[in-house]
Amino acid sequence: MIRFALRGLAGRKLRSVLTALAIILGVATVSGTYVLTDSISSGFDKIFTSIYQGTDASITGKSAVSQNATMDLPPFDESLLPRVRNLPAVAAATGGVADDSTNLIGKNGKVISFGFAPHLGFSVDPSQSRFSSLHLVEGDWPGAGEVVIDRTTAQKKNIHVGDTLPIEAQGAARPFRVAGLVKFGTTSFDIGGATLAGFDLRTAQKLFHKEGKLDQIRIARKSGYSTEQLLDQIRGILPPSTQVRTGQNQAKQDASDTKSFTDFLQTFLLAFGGIALFVGAFVIANSLSITVAQRAREFATLRTIGATRRQILRSVLYESFAVGVLASIAGLFLGLGLAKLLFWVFGKLDFTLANTGLPLHTRTIVVSLIVGVLVTMVASLRPALRATRVPPIAAVREGITLPPGRFARWRAPGSGVLALLGFGLVALGLFAHGLSTAGILFAMGAGALFVFIGVALFSAQLVVPLAHILGGPAAKVAGASGVLARENSMRNPQRTGSTAAALMIGLALVTLVTMLAQGIRHSFYDAVNKIWATDYAVTAQNNFDPIPVAVEKPLRQTAGVTAVVGVRSGESRAFGATHSVTAVDRGASRVFHLNWKNGSQAVLDTLGRNGAFVDKNFAKDHHLVVGSPIGLLVPNGQHPVLRLKGIFDPPNGGSPFGAITISSATFDRFYTKPQDLFIFLTVKGGVNSATTTRLDHALDGFPNAKLQDRDQFKKNQASFLDNVLNILYVLLALSVIVSLFGIVNTLVLTVFERTREIGMLRAVGTTRWQIRWMIALESVVTSLMGAAIGIGLGVVLAVLLIVRVDFLVLAWPIGSLLVFALAALVAGLVASIFPARRAARLDPLKALQYE
Amino acid sequence: MSTTTEADTPPNAAAKPDSVVTGTELTRRYGEGETAVDALRGVSLDIAAGKLTAVMGPSGSGKSTLMHILAGLDKPTSGEVYIAGTKISDLNDTDLTKLRREHIGFVFQFFNLLPMLNAEENMTLPLLIAGEKVEPGWFEELVGKVGLKDRLEHRPAELSGGQQQRVAIARALVSRPTVVFADEPTGNLDSTTSGEILTLMRDSVDSFGQTTVMVTHDPRAAAIADRILFLADGVIVKDVAGATEHDVIEAMESSERK
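If you're wondering where the values come from, they're calculated on a predicted model, not measured in any experiment.

## Thoughts on the overall build of chain A
Reasoning step 1: Per the secondary structure count, chain A includes 24 helices and 25 strands.
Reasoning step 2: For chain A, the C-alpha atoms occupy an extent of roughly 100 × 65 × 50 Å along the three principal directions.
Reasoning step 3: Evaluated residue by residue, chain A yields a buried proportion of 49% over its 851 residues.
Reasoning step 4: The contacts of chain A with a sequence gap of at least 6 include a subset with a gap of at least 24, amounting to 83%.

Shown next as structure tokens:
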């Protein structure tokens, strides 16, 4: 039977390949994801391991609040360094500072930036080269007023040794002489597009506002002492708010940020691979059902010569097993190509990812094969069972149809009930009180699954009415082709329904995310309109990086400016949990109009040395009233006690304020590296071009600062939504493509099946173009059905979420929805190209004699 | 497009004045080299307007090939075919299709109705394809002739074999083609139903003057023809005007003996 199954596959190559494509693509996403993320994380591991190669122990500051990246920890006094050097177990030690917003300014006056990669600045200590992972490739190490930069950036931006390069860190941009070029590590390894800038220690301390401080001391052990002895000696002199780790542990700690990034990326991409596989399962189930129906006579013949039902079942299952294995192997290797393609795309976008080739771990192989084969087998179960129901008599009868299954009549009500059950579960997850997070996620996940399966099975019921609506215009415009296309699409509602359902899933998800993004955007706009009275705003060029507080000064000095309010942000602990703290300058009452539950606008300007305000939810959660004390723990270990001065009601779309807001003066006393997230300005006479020019001029020293008026600010802040949406579109496109292969597949199988009809049509005067259009329009009707059901379902799911979630408002992205419908139409046309051409090329005479 | 092609076609000297389809020195060879099979070895014939012509012969005699070539579904290896005065060897696929659409009707052995269309839609399918309107008077007359007035809403699956073939005949006649080709129209029917279908075909020739060519190996079918061509081994071996069933059987036996 196995040999028979394999022969069957070989005999229907085109059909088998088309069926397999759905699985190949799904598996490729899974394996591609693993390869990509494995490569990235091993790349980062390599970077951090090589940074700490000569380091036996590392001392850093310690945040009282959370575990941060080394450069964000509170720095410590540099007097620790000589004391460390005096320890008997220490062979050598070096101290350094670092900063992740050290912007190099290009010849065009703009910040040199590659994708989202950081702009790293740090001190270098050429006297202690054993600790350095940087190698000088040209020029010299930097002295005062000098810098070394990485060779890659220098080459890309045509910067040479001896050039003058402006650099902006925590103050206005200042010119530096390029003393030399460095490269990282021993190989020509790219640190993910980051720009590197190395200074001597004093210059770096000044530039990063860390005078007299160090972020880190790296220590080499004297031979004869164990690392444990070294750590013990260091611990003996370690001041509070510092910590010591082995070099290895420090590398791990530094890598943990990127680790959580790659972990997130992996889960995120796998989720979309899962969706593609889910869609692929529908495509396969549908293709196999059609093939089984077409092979009814073959199965019947086998039955007449003595094959049992069990043997028929096994033969079909062997066949899908073979397809599953071959498709999974193909998908596994296609995944390697996919990862390579993604690296290339990222590279083209100047977003170079740490890349260590294409590692194919055992886990990748095992998971890809198991998932691919399993999905194929599950999808083939129903068609295989149907094949067993072919009666032997079908061997001798013309035009036999498969008998309906025992449960056929329960299909419509059953699928309806399943969909409703799914909606119920989603609603339960959304609205029920007292569910755990896991419970909510489970209810929503299972609910969504039921909804999709239920609606997909139910869609057969919608085919006839939808075909009438969608096929009407086709029949009007395209005459015979349109009429025949419409009638053909209604011939086998089950088949058309399943084909459309595969597309439905992708479009429902696309619609859902679009509706949600629109909801967030509108609610954010609404919030800005409600509480921002600002004329201008200043942010980093990328809209989200913090900017130095030094930017405020030239703005204040500009004529016509009535208020400049920076919003600082930091972390703290209060009431046993980590909360964000924001801070505003005096004059905030001109910029923000808050809805006060307790207190008034005056609170904004009179926070003073220990005043604070919070939003009403925070007040409620912690039973706070005006006058309540708030005990804060800030990262450097200090414990300021604040007094609550006001409670405000934030708009649903969010406010710029964290849980607790204090005055900037207070903030700057407790936080070591204050930076502004935003700066807001009001000016005399509102926004006008003269003021804009003056303000732009004031920002000349800060190329990374971006001036924008209120409307631009609104749009810029919401622009990340477009980026997120575009990423989601690209990822969901994969499942849409899988479903398009489903349409291609159904059409090809349908053309096989209707060969004689097509021959007759050609004989009685149907032209090749009319045949082409007939197939193309059937495809379009099918894809538009998928679009109609998918967009409808997406809207329903979105509305459920919007009703539940406060910060979402119902807003109709009509334009996008129309584009989706149009895209479905075009997709239908594209999917029909190959099958329509096959149909049109049939020789009418041969077609008429086809069995 | 077809008009220009027709204009380019020189008048056909070989055709007789009342001939609607003419074939001259037709040969058809399948395959190449030693395995080549000659299905037709030089057949010339004229199909007279308003007559029922039967083409008979044992299987492998080339009768189906001849019909396919005369109907513009297949091309001869050599020789020329003229349909309604147009030389078809010069036509491209689209023009040939349009010529079939305008001048030729088909009746098939296995009916070849579209299962998703009802009887009426199947009957008017050629008009739909050509983008033409149904002439109500003519269509009613046709429906009356094939006797399916109360079956128009039925799908093929709800009709008997004989009824399906009646629908197919109405479909062949609806556009009033120059010639109808029927390929074993009774080959898939029982003998009573076959008789009814043959009567209907004879009737369509008599009432409407419909030129018809019928390929068959059923002597009963040939007996209703105005003219019978006997084919054997790719050539016409006998050409008789009208015959009884008995004559036909004799003629067949004699032609096979040859």
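## Here we look at the overall build of chain B
Reasoning step 1: Counting its secondary structure elements, chain B contains 10 helices and 10 strands.
Reasoning step 2: The globule rule puts the C-alpha radius of gyration for 258 residues at 18 Å, and the 18 Å found for chain B is close to it.
Reasoning step 3: Dimensions of chain B, computed from the C-alpha atoms along their principal axes, are close to 55 × 50 × 35 Å.
Reasoning step 4: The buried share of chain B, taken over its 258 residues, is 45%.
Reasoning step 5: A sequence separation of at least 24 residues applies to 68% of the contacts in chain B between residues at least 6 apart.

## Some thoughts on the pairing of strand β24 (residues 675–683) of chain A
All names here are of chain A.
Reasoning step 1: Of all 9 residues that make up β24, 7 are buried, and the element is covered over most of its length.
Reasoning step 2: Of the strand pairs in this sheet, strand β15 (residues 536–540) and β24 are connected by 3 bridges, and their pairing is antiparallel. Bridge pairing links Y536 to L681 in β24.
Reasoning step 3: Pairing analysis gives 7 bridges linking strand β17 (residues 561–574) to β24, with the strands arranged antiparallel. Within β24, the position partnered with A563 by the bridge is T682.

## Some details on the environment of A241 of chain B
Residue and element names in this part refer to chain B.
Reasoning step 1: With respect to the element layout, A241 can be found in the loop between β10 (235–240) and α10 (245–257).
Reasoning step 2: Once the C-alpha coordinates of A241 and D226 are considered, the two residues, 15 residues apart in sequence, prove to be 5.8 Å apart.
Reasoning step 3: Each residue touching A241, except ones within four places of it in the same chain, is listed here: D226 and R227.

## Observations regarding the sheet that holds strand β3 (residues 90–96) of chain A
Either a parallel or an antiparallel arrangement is found when strands of a sheet pair, and the pairing is made through backbone hydrogen bonds.
All names here are of chain A.
Reasoning step 1: With respect to topology, 4 strands assemble into an open sheet ordered β3-β13-β1-β14, the strand pairing being antiparallel. On the outer flanks of this sheet lie β3 and β14 (242–246), each paired with one strand and no other. On average, each strand axis in the sheet is tilted by 20° relative to the strand beside it, whichever way the strands run.
Reasoning step 2: Sheet topology note: the β3/strand β13 (residues 216–221) ladder contains 6 bridges and is antiparallel. Among the inter-strand pairings, A93 is bridged to a residue of β13, identified as I219.
Reasoning step 3: Of the strands in this sheet, β1 (57–61) and β14 are in contact with helix α7 (residues 247–294), which crosses β14 at around 110°.

## Observations regarding the interface of chain B and chain A
Reasoning step 1: Each side of the interface is counted separately: chain B has 21 residues, and chain A has 20 residues.
Reasoning step 2: Elements with a contribution of two residues or more to the side of chain B that touches chain A: α3 (93–103) and α5 (125–130) of chain B.
Reasoning step 3: Ranked by the residues each element gives to the side of chain B that touches chain A, the list is headed by α3 of chain B, at 6 residues.

## Structural notes on the sheet that holds strand β5 (residues 86–87) of chain B
Residue and element names in this part refer to chain B.
Reasoning step 1: Within the open sheet, the 4 strands sit side by side as β2-β1-β4-β5. Their pairing is antiparallel. Edge positions in the open sheet fall to β2 (37–48) and β5, since each of these has one partner strand only.
Reasoning step 2: One ladder, built from 9 bridges, connects strand β1 (residues 19–30) with β2; its direction is antiparallel. The partner of R28 across the bridge, within β2, is L40.
Reasoning step 3: Together, β1, β2 and β4 (78–83) form the strand contacts of helix α2 (residues 63–70), whose direction differs from that of β1 by roughly 125°.

## Re helix α8 (residues 296–304) of chain A
Helical periodicity: at 3.6 residues per turn, an α-helix aligns residues three or four positions apart in one direction.
Residue and element names in this part refer to chain A.
Reasoning step 1: Those residues of α8 not exposed but buried are A296, F299, A300, L302 and R303. Burial along α8 is one-sided: seen end-on, the buried residues are contained in an arc of 160°.
Reasoning step 2: For α8, the secondary structure elements touched by its buried residues are α7, α9 (309–348) and α10 (362–388).
Reasoning step 3: Just past α8, the residue G306 takes up positive phi, approximately 110°.

## A few points about the environment of L644 of chain A
Reasoning step 1: The residue L644 of chain A is located in strand β22 (residues 641–648) in this model.
Reasoning step 2: Each C-alpha atom, one on L644 of chain A and one on S481 of chain A, is 75 Å from the other, the two residues being 163 residues apart in sequence.

## Observations regarding the pairing of strand β6 (residues 104–107) of chain B
Across a regular strand the side chains alternate sides, sitting on one face of the sheet and then on the other.
Residues and elements named next belong to chain B.
Reasoning step 1: Residues I104 and F106 of β6 are buried on one face, and the alternating residues G105 and V107, pointing to the opposite face, are buried as well.
Reasoning step 2: In this structure, β6 lies alongside strand β7 (residues 179–183), joined through 4 bridges in parallel fashion. In the sheet register, F106 faces β7, and the bridge partner there is F181.

## Re the packing of helix α12 (residues 437–491) of chain A against helix α22 (residues 768–804) of chain A
Residues and elements named next belong to chain A.
Reasoning step 1: Packing of α12 against α22 brings their axes to within 8 Å, and their N-to-C directions diverge by 140°. For the element pair α12 and α22, the recorded crossing hand is right-handed.
Reasoning step 2: By residue class, the composition of the contact of α12 with α22 is 20 nonpolar, 8 polar and 2 charged.

## Here's the deal with the confidence of the model for chain B
Residue and element names in this part refer to chain B.
Reasoning step 1: For chain B, per-residue confidence averages 86 on the pLDDT scale, and 91% of positions sit at 70 or higher.
Reasoning step 2: With pLDDT under 50 throughout, residues 1–15 is counted as low confidence; its partners more than four residues away or in other chains account for 19 contacts.
Reasoning step 3: For this predicted complex, the interface confidence comes out at an ipTM of 0.84, alongside a pTM of 0.83.

## Topic: the environment of A480 of chain A
Reasoning step 1: Positionally, A480 of chain A belongs in helix α12.
Reasoning step 2: On the basis of neighbour counts, which here come to 22 C-beta atoms within 10 Å, the residue A480 of chain A falls in the buried class.
Reasoning step 3: Along the sequence, A480 of chain A and T539 of chain A sit 59 residues apart, while their C-alpha atoms lie 61 Å from each other.
Reasoning step 4: Discounting chain neighbours no more than four positions away, the residues touching A480 of chain A are T766 and Q770 of chain A together with L128 and I129 of chain B.

Cut-offs used in this document
The numbers attached to residues start from 1 for each chain and follow its sequence in the written order. The order in which chains are written sets their letters, starting at A; the order in which ligands are written sets their numbers, starting at 1. Only residues with pLDDT of 70 or above have their local features reported here, since the model is predicted, and side-chain atom pairs are shown and tallied only from 80 upward, although totals for entire chains, interfaces and linings are computed over all residues. Here a strand is any run of E in DSSP of at least two residues, a helix any run of H or I of at least four, and the numbering for each starts at the N terminus. The burial label depends on the number of other C-beta atoms within 10 Å of a residue's C-beta. Counts of 20 or more mean buried, 12 or fewer mean exposed, and intermediate counts mean partly exposed, with C-beta atoms placed from the backbone. A pair of residues counts as a contact when their C-beta atoms, built from backbone coordinates, are within 7 Å of each other. As defined in this context, the radius of gyration uses C-alpha atoms, and a globule is described by 2.2 Å times the residue total to the power 0.38. Any two strands between which DSSP finds at least two bridges are classified as paired. Axes here mean lines fitted to C-alpha atoms, for a helix over just the part in contact, with angles spanning 0 to 180 degrees between N-to-C directions. Note that the arc is computed from the directions linking the helix axis to the C-beta atoms. By definition, any crossing whose near helix is turned counterclockwise from its far helix by less than a right angle is left-handed, and any crossing with a clockwise turn is right-handed. The classification used treats Ala, Val, Leu, Ile, Met, Phe, Trp, Tyr, Cys and Pro as nonpolar, Asp, Glu, Lys and Arg as charged, and all other residues, Gly among them, as polar. A score from 0 to 100, pLDDT tells how confident the predictor is in each residue.

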